[in-house]
Amino acid sequence: MLDYLGTRTWGGNVKKFNSSKKIIIAIVLAIIIILLVSLSVMQRDNEDSSGPVQSVISDLVATVDQGLSYPVRAIERSIQSVSNLLGTYEENGQLKKRLDSYASMQSENEILQKENKELRDQLELQATLTTNEKIVANVITRSPDDWQDILIIDRGQRDGIEVNMPVMGSSGLIGRVIVVNDTSAKVELLTSTNQNSNHFPVMITPDGEESVFGLMASYSEEESALVVKQLTSVKGVKKGDKVLTSGLGTSSPKGLMVGTVSKVEPTSFGLEQEVYVSPASSLYDISVVTVVKRVVGSGE
Amino acid sequence: MQKKREVMKVLLPLLVLLAMLMDSQISNILRLLTGGELFFISHFMLLGLIMGSLFYSKTYMVITSIILGLLFDTYYYSILGINTVSLPLTVLLVYLVFDYIEPTIPTLLLSLVIFITIMDGSAYFIQVIFNLIEGNLLGFVSTQLGPTLLMNMTIFILLAYPIKKISEKSNRG
């Protein structure tokens, strides 16, 4: 009887010990997770390149993934070629019309370029905000979910890519470089809802008015448009005006195409106006990107 | 038979890693086709982990899933701790469920719905909690979780025969 009672109390103690042990383990795990996430986010947002271990792992996986992406790209291309074929006739007609003015435009362009160079030589101006270098890269893959919007490209530090460089798609700005490894890099798209994302300085030049400067603030899912805020004014800005980067920040050069104005609206507070910009380049159909390096003052 | 199982034990993490990379490639083609409206995300990686957990010990599979989660987070996000948490969590749930339920095709199909919901849902909530993304629960359920579940159930039904053959060999049948 005594023996039985003794066993029972001992058994009860074990149970108590187990449950408190589980709570402690759960708390320790939670702390580890919180530390892991916060530290890696801090490191990612740090301007320097990522840590050596992460960099090597990313590069290795990227190499494997690159092999996998070749057949996938082939399938993608064949899908695209069918849709291209369907639109060819119509496109041909439109292009023919444009071609007439192309020759004269090209000669005019050459003259202007030459004149520009001569004038720059006179001013002893070697590089302006528009001067840039371009690095073309293939897109290996994209993060599989819909939230982070990160592309992985096959060029890295070795090819001269640095953090915060703007990235262009087929016809306009699509994002910026956030992480650089040795032979691969990560690009965050403009559609990302990451609150630390870069705010590109942009400008809008309406016909016959002064340029308007602003800051790209976010991406609106409902309008599928970029939202430009903190504008100097919205005088004369109307639908269809071109939006370019202004080069006023430290990382992006002047004159990269962003998109066209889709509408002008007062903000929810009603004090300011904000401009919705529909992006020039598709933010889904991306297989090749151009990373742009600003030549003037990029080190600041 | 035993030897084959030992070889597979080493190969499984590599196969699941390849499945992980294929998953995002497949998802990206489908994203192109839907024009970024709906997100059909294939989960061959999860399927591999579920099949693995029918054969191997809990400790082995949990450690494998933690390492895979770390690789996933490093490669795609550079933020550690999203899939590093959600993958082992799902694997633990797989063991919990199949302790009570016999793994047959219908039970596997139904539990796959739960596993995908837990895996994607926990990854989503971790990102919302740490303020890495702007949360939109309705958007997440309607544009991502729903299509993903539909697609993976279809894949599972298409692959039902090989999955049945494999699961019959496990210790748990």
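Residues numbered from 1 in each chain as written. Chains lettered and ligands numbered in written order. Predicted model: local features only at pLDDT ≥ 70, side-chain atom pairs only at ≥ 80, totals over all residues.

### Regarding the sheet that holds strand β8 (residues 225-229) of chain A
Residues and elements named next belong to chain A. Read around the closed barrel, six strands run β6-β7-β8-β11-β10-β9, paired in antiparallel fashion. On average, each strand axis in the sheet is tilted by 45° relative to the strand beside it, whichever way the strands run. Bridging between strand β6 (residues 201-204) and strand β7 (residues 212-220) involves four bridges; their strand directions are antiparallel. Bridge pairing in β7 links P201 to L215. (Pairing = 2+ DSSP bridges. Helix = DSSP H or I, 4+ residues; strand = E, 2+ residues; numbered from the N terminus. Axes fitted to C-alpha atoms, helices over the stretch in contact; angles between N-to-C directions.)

### A word on the UniProt feature "transmembrane region" (unreviewed entry) in chain B
All names here are of chain B. The positions that UniProt labels "transmembrane region" (unreviewed entry) are, in the present scheme, residues 38-56, 85-101, 108-133 and 145-163. What you have in residues 38-56 is 63% helix and 0% strand, and the ends, taken at the C-alpha atoms, are 35 Å apart. Counting secondary structure, residues 85-101 comes out at 94% helix and 0% strand; the distance between its end C-alpha atoms is 24 Å. (UniProt positions renumbered as here; feature names shortened; annotations may be inferred.)

### Describing the pairing of strand β4 (residues 173-180) of chain A
Walk down a regular strand and you will see the side chains alternate between the two sheet faces. All names here are of chain A. Of all eight residues in β4, eight are buried; the element is thus mostly enclosed. Pairing geometry for strand β3 (residues 166-168) and β4, over three bridges, is antiparallel. Bridging across to β4, M168 finds its partner in L173. Counted between consecutive antiparallel strands, the loop separating β3 from β4 contains four residues. Sheet topology places β4 next to strand β5 (residues 185-189); five bridges connect them, and they run antiparallel. In the strand pairing of β5, V179 is matched with K186. In this antiparallel pair of consecutive strands, β4 and β5, the connection spans four residues. (Buried ≥ 20, exposed ≤ 12 C-beta atoms within 10 Å, placed from the backbone.)

### Observations concerning the pairing of β8 of chain A
All names here are of chain A. One ladder, built from five bridges, connects β7 with β8; its direction is antiparallel. Paired with S218 across the bridge in β8 is V227. The antiparallel pairing of β7 with β8 creates a hairpin that spans four residues between the two strands, and S224 there sits at a positive phi of about 40°.

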